Amino acid sequence: MNTYVVTAHKASIVEHTQVGNFFSPLKRNLLVGRTTRIDVYAFTREGLVHTLEIPIYGRIAVMKLCRPPGDDQDQLLVLTERYKFFVLKWNANTNRCETLAGGDVKDKIGRMDNHNIIG
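Residues numbered from 1 in each chain as written. Predicted model: local features only at pLDDT ≥ 70, side-chain atom pairs only at ≥ 80, totals over all residues. Heavy atoms only, no water.

Draft legend 1. Layout of the packing of aromatic side chains. This structure, assessed with the given rule, holds 2 aromatic pairs. Plain terms: the ring middles of Phe22 and Phe23 are 5.9 Å apart, the flat faces sit at 50° to each other, and that makes the pair tilted. The class of Phe22 is buried, set by a relative accessible area of 0%. By relative accessible area, Phe23 is classed as buried at 17%. For the ring pair Phe23 and Trp90, a centre distance of 4.6 Å and an interplane angle of 75° mean the geometry is edge-to-face. Linking Phe23 in the loop between strand 1 (16-20) and strand 2 (29-34) with Trp90 in strand 7 (residues 84-91), this pair joins segments that are 67 residues apart in sequence. Residue Trp90 is classed as buried on the basis of its relative accessible area of 12%. In this structure an aromatic cluster arises from ring pairing among Phe22, Phe23 and Trp90. (Phe/Tyr/Trp six-rings, centres within 6.5 Å; stacked < 30°, edge-to-face > 60°. Buried < 20%, exposed > 50% of the residue type's maximum accessible area, 1.4 Å probe, protein only. Helix = DSSP H or I, 4+ residues; strand = E, 2+ residues; numbered from the N terminus.)

Draft legend 2. Seen up close, the sheet that holds strand 8 (residues 96-104). Here 4 strands make up an open sheet; going across it, the order is 5-6-7-8 and the pairing antiparallel. The open sheet terminates on both sides in strands that have one partner only, identified here as strand 5 (60-66) and strand 8. Pairwise comparison of adjacent strand axes, ignoring direction, gives a mean angle of 20° for this sheet. When strand 6 (residues 75-80) meets strand 7, the two strands line up antiparallel, connected through 4 bridges. Across the sheet, Val78 pairs through a bridge with Phe86, a residue of strand 7. (Pairing = 2+ DSSP bridges. Axes fitted to C-alpha atoms, helices over the stretch in contact; angles between N-to-C directions.)

Draft legend 3. Up close: the pattern of salt bridges. Enumeration over the complete set of coordinates arrives at 7 salt bridges. A salt bridge links Arg37 to Glu53; the shortest N-O distance between them is 4.0 Å. Residue Arg37 is located in strand 3 (residues 37-44), and its partner Glu53 is located in strand 4 (residues 47-55); the two are separated by 16 residues in the primary sequence. By relative accessible area, which is 12% here, Arg37 ends up buried. Accessibility expressed as a relative area gives 32% for Glu53, which makes it partly exposed. As a salt-bridge pair, Asp104 and Lys84 come within 3.2 Å of each other at their nearest N and O atoms. Of this pair, Asp104 sits in strand 8 while Lys84 sits in strand 7, and the two are 20 residues apart along the sequence. Residue class for Lys84 comes out partly exposed when judged on its relative accessible area of 41%. (Salt bridge = Lys/Arg side-chain N within 4 Å of Asp/Glu carboxyl O.)

Below, the structure is given as structure tokens:
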């Protein structure tokens, strides 16, 4: 007999945070990494307002905002614990989050570290 256990609650622990211009070059955002999702908040006069939730297939190991040269808007680089990565950018014309790049950075030859720590 097998037992299948699932939690009905979304992850609430904050593991990663970044502040930058994710939605627009003029507005700052707070990005919060919570195990398997990213919550994006906007700074307003009333405080923080939740504006977007991005589900992630995998557990977030590293999350960094970066701005390519010549660009005025930040992009989000995410690395999962299984060494998968992707780069996200907000498209203001379509009001959608787009994946610019993705792939696998796992070493095909070597072994995994016993502690399995990334970043």
